[in-house]
Amino acid sequence: MGAVWLFSSQRSDDGITTSDIAVAEKLAGLSFTQAHRDTMLEGVQDAVEGYRALRELEISNEVWPSVQFNPLVSGITLPETQYPREWDLPQDIVMPENRDDLAFYTVAELAYLIRTRALTSVELTQIFLDRIDRFDAQLNVIVTLTEELALEQALRADQEIASGRYRGPLHGIPYLTKDLLALSGYPTTWGAMPYRDQMIDETATVIARLEQAGAVHLAKVSLGALAWGDVWFKARTNSPWNTEMGASGSSAGSSAGVAAGFAAFAIGSETYGSIVSPATRNGVSGLRPTYGRVSRHGAMALSWTMDKLGPITRSAEDAGLVFEAIYGPDGLDPSLIDVPFNYRADVDFSRLRIGYLETAFDAEYPGREHDQATLETLRELGARLVPIAMPDFPVGPVIQMLNVEAAAAFDEFTRSGEDAQLVRQVRNAWPNVFRTARFVPAVEYLQASRARTLLQQEMAQAIRDVDVYITPSFAGGNLPITNLTGHPTVVVPNGFNAEGMPTSITFSGHLFDEGSVLALARAYQQVTDFHKQRPPGF
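Residues numbered from 1 in each chain as written. Predicted model: local features only at pLDDT ≥ 70, side-chain atom pairs only at ≥ 80, totals over all residues. Heavy atoms only, no water.

Draft legend 1. Here's a closer look at the overall build of the protein. Tallying secondary structure elements over the protein gives 18 helices and 13 strands in all. Expressed as lengths along the three principal axes of its C-alpha atoms, the size of the protein is roughly 80 × 50 × 45 Å. Expressed as a percentage of its 538 residues, the buried residues of the protein come to 56%. Long-range pairs, those at least 24 residues apart, make up 76% of the contacts in the protein between residues at least 6 apart in sequence. Roughly 22700 Å² of accessible area belongs to the protein as shown, and the carbon and sulfur atoms make up 51% of that amount. For the protein, the distance from the average site of its 43 positive side-chain charges to the average site of its 66 negative ones is 1 Å. (Helix = DSSP H or I, 4+ residues; strand = E, 2+ residues; numbered from the N terminus. Buried < 20%, exposed > 50% of the residue type's maximum accessible area, 1.4 Å probe, protein only. Contact = heavy atoms within 4.5 Å. Areas by Shrake-Rupley, 256 points an atom, 1.4 Å probe, with all protein chains shown as cover. Lys, Arg positive; Asp, Glu negative; His and termini not counted. Charge placed at Lys NZ, Arg CZ, Asp CG, Glu CD.)

Draft legend 2. Just the nonpolar core, in detail. Counting 145 residues, the largest nonpolar core has Leu210, Leu226, Phe265, Phe410 and Phe507 as its most contacted members. Counting residues per element, this core draws most heavily on helix α13 (residues 395-409), which supplies 9 residues. Setting aside chain neighbours within four positions, we find Leu226 in contact with Trp190, Ala192, Tyr195, Met300, Leu302, Phe410, Phe413, Leu422, Trp430 and Phe434. (Core = buried A, V, L, I, M, F, W, Y, C linked by side-chain atoms within 4.5 Å.)

Draft legend 3. Seen up close, the pattern of salt bridges. The final tally for this structure, using the stated rule, is 26 salt bridges. The residue Arg99 makes a salt bridge to Glu123 at a minimum N-O spacing of 2.2 Å. Of this pair, Arg99 sits in the loop between α3 (34-55) and α4 (107-115) while Glu123 sits in helix α5 (residues 121-139), and the two are 24 residues apart along the sequence. Looking at Glu123, the relative accessible area reads 28%, which means it is partly exposed. Among the salt bridges present, the one from Glu160 reaches Arg167, with a minimum N-O distance of 2.6 Å. Its relative accessible area of 12% is what places Glu160 among the buried residues. What makes Arg167 partly exposed here is its relative accessible area of 30%. Overlapping salt bridges, with partners in common, bring together Asp100, Asp101, Arg131, Arg134 and Arg534 in one network. (Salt bridge = Lys/Arg side-chain N within 4 Å of Asp/Glu carboxyl O.)

Draft legend 4. Examining unusual backbone geometry more closely. Following Gly249, the chain continues to Ser250 via a peptide bond in cis, the omega torsion being 10 degrees. Mapped onto the elements of the fold, Ser250 is located in the loop between β5 (242-246) and α8 (252-259). The phi dihedral of Leu226 falls on the positive side, at around 55 degrees, and the residue is not glycine. Since its relative accessible area comes to 0%, Leu226 is described here as buried. For Ser248, which is not a glycine, the phi torsion comes out positive at approximately 65 degrees. Structurally, Ser248 is set in the loop between β5 and α8.

Draft legend 5. Geometry of a negative patch on the surface. On the surface, a cluster of negative charge is contributed by Asp130, Asp133, Glu147 and Glu148. Every element with two or more residues in the negative patch is listed here: α5 and α6 (147-162). Tracing the chain through its elements places Glu148 in helix α6. (Patch = residues over 30% accessible without salt bridge, like charges linked within 9 Å, V, L, I, M, F, W, Y side chains within 5 Å.)

Draft legend 6. Examining the confidence of the model for the protein more closely. Looking at the protein as a whole, the pLDDT averages 95, with 98% of positions reaching at least 70. Across the protein, strand β2 (residues 174-178) holds the top mean pLDDT of 99, while helix α1 (residues 2-10) sits lowest at 41. (pLDDT = per-residue confidence, 0-100.)

Draft legend 7. The packing of aromatic side chains, seen in detail. Taken as a whole, this structure holds 21 aromatic pairs when the rule is applied. Taking the centre distance of 5.1 Å and the plane angle of 5 degrees together, the rings of Tyr175 and Phe265 count as stacked. Of the two residues, Tyr175 sits in strand β2 while Phe265 sits in strand β6 (residues 265-270), which places them 90 residues apart along the sequence. Relative accessible area serves as the criterion here: at 1%, Tyr175 is assigned to the buried category. Note on Phe265: relative accessible area 0%, which makes it buried. (Phe/Tyr/Trp six-rings, centres within 6.5 Å; stacked < 30°, edge-to-face > 60°.)

Draft legend 8. How the structure looks around the packing of helix α7 (residues 205-212) against helix α10 (residues 316-326). Orientation of α7 relative to α10, taken along the N-to-C sense of each, is 105 degrees, at an axis distance of 8 Å. It follows from the interaxial angle that α7 and α10 lie roughly perpendicular. Taken together, the residues of α10 that come into contact with α7 (itself represented by Val206, Arg209 and Leu210) are Val322, Ala325 and Ile326. Here the contact of α7 with α10 is built from residues that sort into 5 nonpolar, no polar and 1 charged. (Axes fitted to C-alpha atoms, helices over the stretch in contact; angles between N-to-C directions. Parallel < 35°, antiparallel > 145°, perpendicular 65-115°, else oblique. Nonpolar A, V, L, I, M, F, W, Y, C, P; charged D, E, K, R; others polar.)

Structural data, given as structure tokens:
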């Protein structure tokens, strides 16, 4: 009662009346009597005063809510033993006649050349820097080039390897980071005009871990403003497969950069499709790990209960190599769960139960013929495909949680009017969504959260009898459902449409079992070559 008394005694006159409550009822889909409104009035006025008091606090983007999401539901058991990972990496890789072709080698292939000292990290870094200089004007991928840092790290890598200190397959390998990850000494722009000069005096855990693995940081790359789409404060990021088309987003620069041969791999993020969609548009492979797998310390928060960081690469195998370096608790991200990452490159199809989303594959949708061919390829490899179905669930209303959390993350940004500086000012863009989300009642947000728990339980039942499963990337509901439940997904290219743009297929699996999903995606890529294709002109 003390808090209520405090607000009542200090309340300013906001002119709130019972008529305002009646109008607000319509926004919440409620109906109260006039007697109810009379009784509610003082409490509503107190609440508004409380909002004002909270807004006096400085709550920066990196501050977590006290309520956190856990992807696990009762009955799920997690592995406790970490077994040796078995990669079966390629050997006897030869240098190409045209050194520029190295820009399209996989991490695994480049690692062999660097480890055997057939190629230096400095030479490889310079190849990528030259390509960025030649081609970025067409794509608008680079936000901040970290050339001096890259050459310094590459030289250190070469010196360490020459002295016999080899850190592993990422040692000396150049990469890109989505510019929502902080890197001390460099701007972190979040793709948005108001933040284009923002300096965050820390380095994201993911970048720090890649540095520990010996990787070489080439550049911070574009994302749609505040992680939506492919339009940022400079321009639209374009796909190298067709520069008249956007790269999709929000991991636009990460995906287009890898596809165009600007680096061997990149770090992207996904809240609701931001790895799957641009990886598809740009013909690269992407891993969206389990929620609670990779630290988001030093990353822009959009949705504390849905944000996930993951690698964007040329192959599923590469995604696994990068994931190995970045996963696990860091003592800074409170959502992380310590679970072993077990991986075997070989897939025993006789023991693996592979589900497929039958109704989705049978429907008519763009790219269906490529997805059907993927199923047939897996059958030829010996896979026994078991039909499964996604939960029949009203996912749309639950996704409102993302909008509300994003509005909270950028509360002051909206109230200050700085949102008017974003390039995109349409209905389906953050400025409007932030404003609209202010009218979602707290009760409805929590009801959506409770509905999400039901969805988690239904999802656990839906896939309980399979080890991994396959779905169309954008049909059948897997994308929104798994972003809400936190299940891991690997997306890989599986063909080209009539316009010559890449298509993709999605492999998903159980919580914290990225190993099985990556191994199946690798098995598919071992007998196909879609991931090896190079955009014409690049």
